[in-house]
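Report on the structure
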Amino acid sequence: MTVTPPPATANQMWGGRFAEGPDAIMQAINASIGFDQRLYAQDIAGSCAHAAMLAATGILTNTDAEAIGKGLLTVLSEIETGRFVFRADLEDIHMNVEARLKEIIGDPAGRLHTARSRNDQVAVDFRLWVRDQCDAAIASLTALMRAFLAQADAGADWIMPGFTHLQTAQPVTWGHHMMAYVEMFARDRSRFADARARMNECPLGAAALAGTSFPIDRDMTARALGFDRPTANSLDSVSDRDFALEFLAAASICAMHLSRFAEELVIWSSAQFRFVRLTDKWTTGSSIMPQKKNPDAAELLRAKLGRILGATVALFTVMKGLPLTYSKDMQEDKEQVFDAADTLILGLAAMTGMVSDMTANRDALKAAAGSGFSTATDLADWLVRALGLPFREAHHVTGTLVAMAEKKGCDLADLKLADLQQVHPGITAEVFRVLGVENSVRSRVSHGGTAPEQVRVQVARWQKAMG
């Protein structure tokens, strides 16, 4: 969509207060049509609802309202087919649509702005757009959760190492690890749903800041636009952008979760780990090293958080010092939200593709699970259960045995019973039942634990919940 350069004339949409046109630099900094043209569908929907309400309340004639409605649909068609020419001298999407409407239907177009202001007009447009982005994020997160669920279902009993400090801690299952991200992204999905519910109030009818003396029906316009109710305070209605901030906050947390799994994909797909394999769909080669297969999609996703978090900080900075109500600073509320939303939806789609595409290397996962004395906690727990040792004493005994195994260059399960009894004579051969990684994983049957039976319970719960 093109934007024509502004002519050096006064903007007639401002009325008679200004005799001269603004300086070219002023026009450049003031115009927002270069980015807020993305709100065209929301702007036209809001205008259609407003015109219908004006007719229903007798403020407009039915004839004028019908002409306005048909004219707005013509404008919508022109924009969607690329025939609309956006003009920078008309500043924003609202004035561009209204000016073109006047060219199409004449004088009735001038009555459309009765009982409203650009202040409440942009507030409703932006809310509608952000509401749509919440819906898109919820749908994208649902698809991503399904991809993780499929991995968890397939690998409910595959053994892998669990990490703390990026060092082997205890054996877990692949399914359990995948389900951790289902829980994270489910909370992200609920945050977008909560934000959507809070923003679903209609500011249209607040006018410039104080409401209007015309007998408008704000409930009618709210219903027409799919809002739950009209906003309750006209000052708040035109000055509020916390709906956009809440969207950005939810997007930032979600992007952080994306970044965390992206980091795991980068590590896991390395030659040193070999935990997963990504196909050529999500990797690239090197211009100089023919053996390389780089997880570039995951690396890029890892970096996208910076853009989204930056947008959040930017809008907080814009809004933090503004008195009530509208100030032109608030024109800077959209570009970063547009970019963050685009980045998030792209990132969610890319991660869904990678999770669906990745193949786990079960042999490498299991081998790594048995390294680093990962069943040491199981040994300490056995000492508590079987011998009645206080946990701190059991911890000390286990640490001594780990040091012994490390010195011998073997794992705990490879120590002889006599070796174990040197440290504590009460240890019996039964201890070897808990020293294998399979036994360790199967024993973690507490609710939310890594035992395969628990993983399958959680998978089934989420499959049922998601339909």
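Residues numbered from 1 in each chain as written. Predicted model: local features only at pLDDT ≥ 70, side-chain atom pairs only at ≥ 80, totals over all residues. Heavy atoms only, no water.

This paragraph deals with the pairing of strand 3 (residues 159–164). Across six bridges, the pairing between strand 3 and strand 4 (residues 167–173) is antiparallel. Residue pairing across strands places Thr-164 opposite Gln-167, the latter belonging to strand 4. (Pairing = 2+ DSSP bridges. Helix = DSSP H or I, 4+ residues; strand = E, 2+ residues; numbered from the N terminus.)

In this structure, Trp-174, Phe-192, Phe-261 and Met-351 are the most contacted members of the largest nonpolar core, which totals 98 residues. Trp-174 has contacts with Gln-151, Gly-155, Trp-158, Met-160, Trp-268, Val-276, Met-358, Ala-360 and Leu-365, leaving out every residue within four places of it along the chain. Grouped together as the second largest cluster of nonpolar side chains are 20 residues, Ala-380, Trp-382, Val-397 and Leu-401 included. (Core = buried A, V, L, I, M, F, W, Y, C linked by side-chain atoms within 4.5 Å. Buried < 20%, exposed > 50% of the residue type's maximum accessible area, 1.4 Å probe, protein only. Contact = heavy atoms within 4.5 Å.)

Counting across every chain of the model gives 23 salt bridges. Two residues, Arg-100 and Glu-78, come together in a salt bridge whose shortest N-O distance is 2.7 Å. With Arg-100 in helix 5 (residues 93–105) and Glu-78 in helix 4 (residues 62–80), this pair connects stretches of sequence that are 22 residues apart. Exposure remark for Arg-100: the relative accessible area of 25% places this residue in the partly exposed category. The structure contains a network of salt bridges with shared partners spanning Glu-78, Arg-100 and Glu-103. (Salt bridge = Lys/Arg side-chain N within 4 Å of Asp/Glu carboxyl O.)

Note that Leu-305 resides in helix 11 (residues 296–319). Separated by 61 residues in sequence, Leu-305 and Lys-366 have C-alpha atoms that sit 32 Å apart. Excluding residues that lie within four positions of it along the chain, Leu-305 makes contacts with Ser-252, Ala-255, Met-256, Ser-259 and Gly-310.

Counted under the stated rule, the structure contains 17 aromatic pairs. Seen in terms of ring centroids, Phe-261 and Trp-268 are 5.9 Å apart; in terms of plane orientation they differ by 90 degrees. Their pairing is edge-to-face. Geometrically, the ring pair formed by Phe-273 and Phe-275 is edge-to-face, given 5.1 Å between the ring centres and 80 degrees between the ring planes. Overall, the relative accessible area of 3% leaves Phe-275 in the buried class. (Phe/Tyr/Trp six-rings, centres within 6.5 Å; stacked < 30°, edge-to-face > 60°.)

Let's shift gears to the side chain of Arg-127. Considering the arrangement of structural elements, one finds Arg-127 in helix 6 (residues 118–154). Looking at Arg-127, the relative accessible area reads 4%, which means it is buried. Ignoring any residue separated from it by four or fewer positions in sequence, one finds Arg-127 in contact with Arg-198, Met-199, Glu-201, Pro-203, Phe-227, Thr-231, Asp-240 and Phe-243.

Let us look at the packing of helix 10 (residues 242–268) against helix 12 (residues 335–357). Running from amino to carboxyl end, helix 10 crosses helix 12 at an angle of 35 degrees, the nearest separation of the two axes being 10 Å. Both helix 10 and helix 12 take part in a crossing whose hand is left-handed. Note on element contacts: helix 12 touches helix 10 through Gln-336, Val-337, Ala-340, Ala-341, Leu-344, Gly-347, Leu-348, Met-351, Met-354 and Val-355, opposite Ala-244, Phe-247, Leu-248, Ala-251, Cys-254, Ala-255, Leu-258, Phe-261, Ala-262 and Leu-265. Residues that form the contact of helix 10 with helix 12 fall into these classes: 18 nonpolar, two polar and no charged. (Axes fitted to C-alpha atoms, helices over the stretch in contact; angles between N-to-C directions. Left-handed = near helix turned anticlockwise from the far one by under 90°. Nonpolar A, V, L, I, M, F, W, Y, C, P; charged D, E, K, R; others polar.)

Compared with an ideal rise of 1.5 Å per residue, which puts 12 residues at 16 Å, helix 14 (residues 376–387) spans 16 Å between its outermost C-alpha atoms and is within 8% of the ideal. Turning to helix 14, its buried residues number three or more, namely Ala-376, Asp-378, Leu-379, Ala-380, Trp-382 and Leu-383. Downstream of helix 14 by a residue or two, Gly-388 has a phi angle that is positive, lying close to 75 degrees. (Expected span 1.5 Å × (residues − 1).)

Negative phi is the rule for most residues except glycine; trans is the rule for most peptide bonds. In this chain, Leu-324 is followed by Thr-325 through a cis amide linkage whose omega measures 5 degrees. You can see Thr-325 is positioned in the loop between helix 11 and helix 12. At Leu-166, a residue that is not glycine, the phi angle is positive and equals roughly 60 degrees. Mapped onto the secondary structure, Leu-166 falls in the loop between strand 3 and strand 4. Assessed through its relative accessible area of 56%, Leu-166 is described here as exposed. Even without glycine at this site, Arg-274 takes up a positive phi of about 55 degrees. Tracing the sequence through the fold places Arg-274 in the loop between helix 10 and strand 7 (276–277).

Nothing here speaks to function; it is geometry throughout.
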